Amino acid sequence: IFARLEPGGGGAGPSGSLGAWQPGPDLPRPISNHRMLAVLGRVYVFGGSGESAFIPDVYYAQVQTGGSLGAWARAADMPFPGGSTSLAAVSIGEYIYVGGGENADCTVHRQVFYAKACASGVCHPDTGSPTDPWKATSPLPLGVSRLDAVAVEECLHVYAPGGNTAGCATSVQN
């Protein structure tokens, strides 16, 4: 589903309110606890919980004129062992970063990987290949799930405070 920002008075840009929600294409499978990003005119979905497992899936769809989405396509999976749910995802320019999260046995991930957005979904940041596109970068200082991240593009910083360090148990960080 999607909603569009309502235009402001006199055509001066959006008013801040949303229009009515519209139906969109269903994801290829039921997913919850995933992360989404918009990068280079595409919407991406990363990981999450599937019908019976945590998943490493990456899906993307092109944003169409008027705001609707095209059909979902599958990109190369993220390399988290056992999949990843409740992870963080953030982008700076064409680079996509995914990190943290947990797998089905409640092991929290420290790993952070990145790739470039490209026509086939994600591509290796050095070679441009869609085969094995994810590259490891600096890990989080400890395994964390249920975290979020934000990027400040102007200064090339990524912030990821808070989260849960004990996987399925509750151990909240600030």
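Since we're looking at a predicted model, the values are computed, not measured.

Enquirer: Residues and numbers for the packing of aromatic side chains, please.
Expert: Enumeration over the complete set of coordinates arrives at six aromatic pairs. Taking 6.5 Å as the distance between ring centres and 75 degrees as the angle between the ring planes, the aromatic pair formed by Phe-46 and Trp-134 counts as edge-to-face. Taken together, the residues span a long stretch of sequence, with Phe-46 in strand β4 (residues 42-49) and Trp-134 in the loop between β10 (121-123) and β11 (135-137) at a distance of 88 residues. When its relative accessible area of 8% is taken as the criterion, Trp-134 is described as buried. Ring-pair connections join several aromatic residues into one group, and the members of that group are Tyr-44, Phe-46, Tyr-60 and Trp-134.

Enquirer: Break down the nonpolar core for me, with residues and values.
Expert: Counting 18 residues, the largest nonpolar core has Tyr-44, Phe-46, Met-78, Ile-96, Val-98 and Trp-134 as the members making the most contacts within it. Every element with two or more residues in this core is listed here: β3 (35-39), β4, β5 (54-62), β8 (95-99) and β9 (112-118). Take this core: its biggest share by element is three residues, from β9. Contact partners of Met-78, with chain neighbours within four places excluded, come to Phe-46, Gly-47, Ile-55, Pro-56, Asp-57, Val-58, Leu-87, Val-98 and Trp-134.

Enquirer: An account of the sheet that holds β3 is requested, with residue identities and associated values reported.
Expert: As summarised here, the arrangement of the four strands in space is β3-β4-β5-β6, forming an open sheet in which the pairing is antiparallel. Since the sheet does not close on itself, it has two edges, and those belong to β3 and β6 (73-75), each with one partner. With direction set aside, neighbouring strand axes in the sheet form an average angle of 30 degrees. For β4 and β5, the ladder comprises seven bridges, and the chain directions are antiparallel. Considered in β5, the bridge of Phe-46 is made with Val-58.

About the cut-offs
- Residues numbered from 1 in each chain as written.
- Predicted model: local features only at pLDDT ≥ 70, side-chain atom pairs only at ≥ 80, totals over all residues.
- Heavy atoms only, no water.
- Phe/Tyr/Trp six-rings, centres within 6.5 Å; stacked < 30°, edge-to-face > 60°.
- Helix = DSSP H or I, 4+ residues; strand = E, 2+ residues; numbered from the N terminus.
- Buried < 20%, exposed > 50% of the residue type's maximum accessible area, 1.4 Å probe, protein only.
- Core = buried A, V, L, I, M, F, W, Y, C linked by side-chain atoms within 4.5 Å.
- Contact = heavy atoms within 4.5 Å.
- Pairing = 2+ DSSP bridges.
- Axes fitted to C-alpha atoms, helices over the stretch in contact; angles between N-to-C directions.

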